[in-house]
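Descriptive structure summary
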Amino acid sequence: MTSRPSASRPASRRKRRWLVAGIILWAVSLALAAGGLALARQVLDRGVAYGETSAQARRDRTIRAVNVQLELEPDLDSVARVLDLARAAGFGWVRQQVSWADIEPGHKGNFWDFDADRPTWARWDAIARLAAERNLQVIARLELPPDWARPAGTYKSHPPTNVRDYSDFVAVFTSRYREEITHVQLWNEPNLAEEWGRRPVDAGAYVELLRAGFAGARRGNPRATVVSASLAQTLEPDLETSAGLDDLAYLDRMYRLGAAPFLDVVAANAYGLWTGPGDRRVGAGYTNLPRILLVRDVMARHGDGAKPLWVSEFGWNAQPTGWQGRPSPWGQVDEATQAAHLLGSYRRATREWPWMGPMAVWLLRHPRAAPDDPTTFFALVRDDWSPRPAYDALLSDRATPVLAPGTWPDDAGGLEYVGTWQRSTRASGDTLHETPAPNAHLRLRFEGTRIELESPVGPTRGVAYVTVDGSYLLAGQLARNRFGQAMIDFGAPVARDGVRIPVAAGLPDGTHRLELTVSGDAGTGSTAPGVGIDAIIVARDRATAPETILAGAGAMTVLAGGWATRRAIARGIHVVATVAGALMPASLASRLGRIDPASWSALAVAAILPFATVMIPTPAGRFSVVEVAALAAVALAVTRAAMRAGLPRPYAQPTVPRLLALDGAVWAAILVLVGGTIGAVVAAYPNPAWREWRLLVAEPVAWYLVARAATRHAHGARRLAWALVAGATFAGLHALVQAATGIGVVGAEGVDRARALASSPNNLALLLDRVLPLAVALA
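First things first, this report covers the structure right here in the doc. (Residues numbered from 1 in each chain as written. Predicted model: local features only at pLDDT ≥ 70, side-chain atom pairs only at ≥ 80, totals over all residues. Heavy atoms only, no water.)

**Observations concerning the packing of aromatic side chains**
Aromatic ring pairs: the centre-centre distance and the angle between the two ring planes describe each pair. Just so we agree on the cut-off: The rule is short: rings of Phe, Tyr and Trp, with Trp giving its six-membered ring, pair when the centres are within 6.5 Å, and they are stacked under 30 degrees, edge-to-face over 60, tilted in between. Labels follow the DSSP assignment, with helices taken as runs of H or I lasting at least four residues and strands as runs of E lasting at least two, numbered in each case from the N terminus. Summary of the burial criterion: residues with accessible area below 20% of their type's maximum are buried, those above 50% are exposed, and those between are partly exposed, where the area comes from a 1.4 Å probe applied to protein chains only.
Going through the model one piece at a time under the given rule, you end up with 21 aromatic pairs. On the basis of an interplanar angle of 70° and a centroid distance of 5.9 Å, the ring pair of Trp121 and Tyr177 is categorised as edge-to-face. In this pair, Trp121 sits in the loop between β4 (118-119) and α4 (122-133) while Tyr177 sits in the loop between α5 (163-176) and β6 (183-186), placing the two residues 56 residues apart along the sequence. Across the pair, Tyr177 and Trp121 agree in class, each one buried. Relative to Trp355, the ring of Trp353 lies with its centre 5.6 Å away and its plane at 20°, an arrangement referred to as stacked. By relative accessible area, Trp353 is classed as buried at 0%.

Below is the structure:
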């Protein structure tokens, strides 16, 4: 009697085809999602600096700066009042025009005002003194040559006939104010014809002026900071009849003509004009706040990306409706929007652009403005001294500064030293705060995901405890003592300055609090308890959750695709195995056929447990050798089970035993996985929570299940135990070699100790203590 083909076979094939089609459609969707994520990163992350870059600014003070027009104030009382307003609103910098014509009139070398019968420096001496008294840094914009220095009959902004005259003036200015004014800006907006003597702009001529001014600044004060002229945002083409030249093209031309060695800081303007700080459009055709990113691109293209970039002017014009004077050519917003835009700009810059230096608002006050001048509506304070909402917003937002990504010196605003601290100056001129006093504190707030200290270590340094957001655990980069306190041991046999000490990483992207408490105890190998702070380093790391989710989904898709096509894959493996078996001796083929890769990989994990601190670098980050081996064991076990389950009957192998028996131990492991996952989902700090979930929950549970499958019999369990003993024995022998040779030992409590490859001698001792009873039992 002939058997009829099974009616279910065509239906099974159809189901399998639909399953494969569904997996393909899902894979295409994942690919589109990955493309969308890449595009979103390009748009939303354009210009955002993640991690620590070589251009990470060493932030000397607040990013807040403001333009002032002190030369137009009627008297010194008004000058002092303007500077008081600037300081009260949290500005640390003021940018002020300096007219060369006012200081050196008549002829070269003349610094006397014959009409007033006093030195021409008098007003500037007062300005420098008043700013220094308020701890305000002045950015002096040196321009406007006197009549004798430029061709007869030319406009006031015409460059000097002889750049040597400008160099000499810069030298005199920087020498006179070498203590009070250390930042000079050489000219203003030379890419506009109006600012270049009302004639065609000339980048080459400006580079010559810059070179001369730089040399003069260095002669007058070798420590002076030279800022290039800010470039106006404009799209003007390169034509003689144009009113200027595109700022990006002008800067590129400056670099091509050799400007890089003659400037310490690159400056540009960044007016928002018709859009706010949330504008993410970046392109050569946009004149908006993010245009500053293209300026930085030009710097990087010419190998100058490590230099700071400062904004000399930015702001929004709050011209009221119904204004009868000249219309604003810069767009207009209402006063509330002006306030929101200014605060938003500072927040975006501090959050995303650690390479950004001071950003100077245009303008604090516009005294003696013409009745129809729309420029006055940029000002934070009206001519009658009444503040606009923008000033009030800055005033209310001036609370204790939050340290944004960047490197902050020991005296940065926002560092709160409590108790007995003193500020010391080294021979190099660098400063630090230090104290030996127990219970002295350093408190600060920072915004980012990672923080480090830069501190001195040596034989007179002690120990400090650190919390992040009130928790020792969140200071996860530090060792903890027996009381669970995160601690920094600054003791060392040789004194060194500026040692970087990682404190915390993987924090949620947001604002955090750090507190350091001096213990009063001497450090390892130290005779004194001193603690010093050189700098604070804050960084923001990119959140990789979307990429991780996509990668996980992709891996599951590959597994699903493999399962759906398991029969075809199994046939291919069988054919390859058959051919390979035919080409090798029968005895060797028989032995290899009995090898279970999952079992051997499980044994490998046990054997290398003593070397868990050895890290393997990968494109996705650094992973422990134990972690890599455990993942390999799980992957081999899953692959082997799937292939055997998918093998068609003509090529069937012996029945695979059940992977697991669902006894109490297995259920306990599953409950640990479920509980750990719930804890990670609801954690207040998701980044460290998911990292610990991976290391302490998911991977150990997965390896445990594989190890159970690989050790179903007593001899399998013994092999697993022997593997652990063998690894620990090797670690112990390594420690003995270290002790005998003195190579690789570490100092702890005044004694040299061996640690093999463990993170500390104590960790090695704990491992050996735990393995010793097991070794005795096996023996």
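**What to know about the environment of Leu415**
Its place among the elements puts Leu415 in the loop between β11 (406-409) and β12 (416-418). Placed 29 residues apart in sequence, Leu415 and Leu444 show a C-alpha to C-alpha distance of 5.1 Å.

**As for helix α10 (residues 389-396)**
Inclusion rule: Working note: the arc is built from the helix axis to C-beta atom directions. Contacts were defined at the residue level, with two residues in contact if any of their heavy atoms lie within 4.5 Å.
By the burial criterion, the buried members of α10 are Ala390, Tyr391, Ala393 and Leu394. For α10, the angular spread of buried residues about the axis comes to 160°, placing them on one side. Residues of α10 that are buried sit in contact with β1 (64-68), α2 (76-88) and α9 (335-352).

**Some details on the packing of α5 against helix α6 (residues 203-220)**
Note the cut-off: Interaxial angles span 0 to 180 degrees and are taken between N-to-C directions of axes, which are lines fitted to C-alpha atoms, for helices over the stretch in contact. Here the word oblique covers every angle except those under 35 degrees (roughly parallel), over 145 (roughly antiparallel) and from 65 to 115 (roughly perpendicular). In this scheme, a crossing is called left-handed if the near helix is turned counterclockwise away from the far one by less than a right angle; it is called right-handed if the turn is clockwise. Note that Gly is not counted as nonpolar here; it falls among the polar residues with everything else outside the nonpolar set of Ala, Val, Leu, Ile, Met, Phe, Trp, Tyr, Cys and Pro and the charged set of Asp, Glu, Lys and Arg.
Running from N to C, α5 and α6 point in directions that differ by 30°, and their axes come no closer than 7 Å. In this view, α5 runs roughly parallel relative to α6, as classed from their interaxial angle. The two elements α5 and α6 meet at a crossing, and its hand is right-handed. Across the interface between the two elements, Val163, Arg164, Tyr166, Ser167, Asp168, Val170, Ala171, Thr174 and Ser175 from α5 touch Glu208, Leu209, Ala212, Gly213, Ala215, Gly216, Ala217, Arg219 and Gly220 from α6. Split by residue class, the contact of α5 with α6 holds 8 nonpolar, 6 polar and 4 charged.

**Quick notes on the packing of helix α7 (residues 247-256) against helix α8 (residues 291-301)**
The description of two packed helices rests on the angle between their axes and on the distance between the axes. Relative to each other, α7 and α8 sit at 20°, their axes nearing to 10 Å. Accordingly, the angle class assigned to the pair α7 and α8 is roughly parallel. The chirality of how α7 crosses α8 is right-handed. Within the contact between the two elements, α7 uses Asp247, Leu248, Leu251, Asp252 and Tyr255 and α8 uses Arg291, Leu294, Val295, Val298, Met299 and Arg301. Here the residues of the contact of α7 with α8 are counted per class, giving 7 nonpolar, no polar and 4 charged.

**Comments concerning the sheet that holds strand β22 (residues 531-533)**
The condition is simple: Strands pair, by our definition, only if DSSP identifies at least two bridges between them.
With respect to topology, 3 strands assemble into an open sheet ordered β13-β14-β22, the strand pairing being antiparallel. Each of the sheet's edge strands pairs with one partner strand only, and the pair in question is β13 (422-425) and β22. Adjacent strand axes in the sheet meet at a mean angle of 35° when their direction is disregarded. Bridging between strand β14 (residues 431-435) and β22 involves 3 bridges; their strand directions are antiparallel. Its bridge partner being in β22, Glu434 is matched across the sheet by Gly532.

**Thoughts on the pairing of strand β10 (residues 356-361)**
What counts, and what does not: The handedness of a crossover follows from its direction of travel: if, with the strands pointing away from the viewer, the path from the first strand over the helix to the second runs clockwise, the crossover is right-handed.
Most of β10 is tucked away, with 6 of its 6 residues classed as buried. Two elements, β1 and β10, share 3 bridges in a ladder whose sense is parallel. Along β10, the bridge assignment pairs Arg64 with Met359. Pairing geometry for strand β9 (residues 309-314) and β10, over 3 bridges, is parallel. Residue pairing in the sheet places Phe314 in a bridge with Val361 of β10. In this fold, β9 hands off to α9, which returns the chain to β10; that crossover is right-handed.

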